[in-house]
Amino acid sequence: ELLSRVASLDQTVWSYVQSHTVGGMSKGGMASKLQAVSRATSFGHAALIASGRCPNILTRLTEGEPLGTLFMPAAEPLRGRRRWIGSSAKVAGCLHIDDGARIALASGRSLLAIGVTACEGVFQRGDCVAVRDPVGKRVARGLSNYSNDEICKILGLPSDQIIRALGHRPYDEVLHRDNLVFDSEGL
């Protein structure tokens, strides 16, 4: 069934792709198409998915024929630093989080060391890292307040114990919510 217009890429839209998979891969690469659409709409652009096999598709679409799905731009597009974090910043490492941290991030909170279960890669304070949930799905990207060596020493610890483990505590958060961008499929 053709959806002519999608106001936002929410879990319902993503579930259409996830429910039509064969061997872990979606039919026709729809998941990768939705990821591209998600990036475009998050930057404030509309996007359209239509069949390239349809004769004169571009002409017909510009004339208003409903042959594809129009995705509307995000109400609050990513700009500036958050746009860079979400799309262009090189990911230097990865933090794995527990379910409690996933829930906290989903409610708009920062990532604390207590919710970090593992750290991968070599990175410094200020580098961009990926965040993966308990099943390994990438849910966010953010700028780290600590290096990988420091995170390995404080993972799983409450914030008030960071100073004991490192000898200093410049931040309570491993990733501050102002420096976090959630992936297209969200939390």
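First things first, this report covers the structure right here in the doc. (Residues numbered from 1 in each chain as written. Predicted model: local features only at pLDDT ≥ 70, side-chain atom pairs only at ≥ 80, totals over all residues. Heavy atoms only, no water.)

Let's shift gears to the overall build of the protein. Looking only at helices and strands, the protein features seven helices and eleven strands. Principal-axis analysis of the C-alpha atoms gives the protein an extent of 65 × 35 × 25 Å. Among the 187 residues that make up the protein, the fraction classed as buried is 36%. Across the protein, every contact between residues at least 6 apart in sequence was considered, and the portion connecting residues at least 24 apart equals 64%. If you sum the accessible surface of the protein, you get close to 10,600 Å²; carbon and sulfur atoms cover 51% of it. Separation of charge centres in the protein, based on 22 positive and 18 negative side chains, amounts to 4 Å. (Helix = DSSP H or I, 4+ residues; strand = E, 2+ residues; numbered from the N terminus. Buried < 20%, exposed > 50% of the residue type's maximum accessible area, 1.4 Å probe, protein only. Contact = heavy atoms within 4.5 Å. Areas by Shrake-Rupley, 256 points an atom, 1.4 Å probe, with all protein chains shown as cover. Lys, Arg positive; Asp, Glu negative; His and termini not counted. Charge placed at Lys NZ, Arg CZ, Asp CG, Glu CD.)

What follows is about the sheet that holds strand β10 (residues 138–144). Strand order in the open sheet formed by six strands is β7-β11-β10-β9-β6-β8, and the pairing between neighbours is mixed. The open sheet has two edge strands, β7 (111–112) and β8 (116–121), and neither has a second partner. Direction of pairing for β7 relative to strand β11 (residues 173–182): antiparallel, over a ladder of two bridges. Counterpart to L111 in the pairing with β11 is L175. Against the sheet, helix α5 (residues 99–106) touches β6 (91–97), β7, β9 (128–132) and β11, its axis set at about 110° to β6. (Pairing = 2+ DSSP bridges. Axes fitted to C-alpha atoms, helices over the stretch in contact; angles between N-to-C directions.)

Moving on, we get to the pattern of salt bridges. As enumerated under the stated definition, the model contains four salt bridges in all. A salt bridge links R60 to E65, with the nearest nitrogen and oxygen atoms 2.7 Å apart. The salt bridge involving R138 is made with D183; its shortest N-O contact spans 2.6 Å. Here R138, found in strand β10, pairs with D183, found in the segment after β11; they are 45 residues apart in sequence, far enough to count as distant. For R138, a relative accessible area of 30% translates into the label partly exposed. (Salt bridge = Lys/Arg side-chain N within 4 Å of Asp/Glu carboxyl O.)

Glancing now at the pairing of β9. Of all five residues in β9, four are buried; the element is thus mostly enclosed. Relative to β9, β6 runs parallel, the two sharing five bridges. Each residue of the ladder has a partner; that of L95, found in β9, is V131. In this structure, β9 lies alongside β10, joined through five bridges in antiparallel fashion.

What follows is about the packing of aromatic side chains. Evaluation of the coordinates by the stated rule reveals one aromatic pair. Where Y146 meets Y171, the ring centres are 6.3 Å apart and the plane angle is 85°; that geometry is what we call edge-to-face. Of this pair, Y146 sits in the loop between β10 and α6 (148–154) while Y171 sits in the loop between α7 (162–166) and β11, placing them 25 residues apart in sequence. Directly above the aromatic system of F43 lies the positively charged group of R83, at a separation of 3.9 Å from the ring centroid. (Phe/Tyr/Trp six-rings, centres within 6.5 Å; stacked < 30°, edge-to-face > 60°. Lys NZ or Arg CZ within 6 Å of the ring centre and 35° of its normal.)

Purely spatial values, then, with no claim about function.
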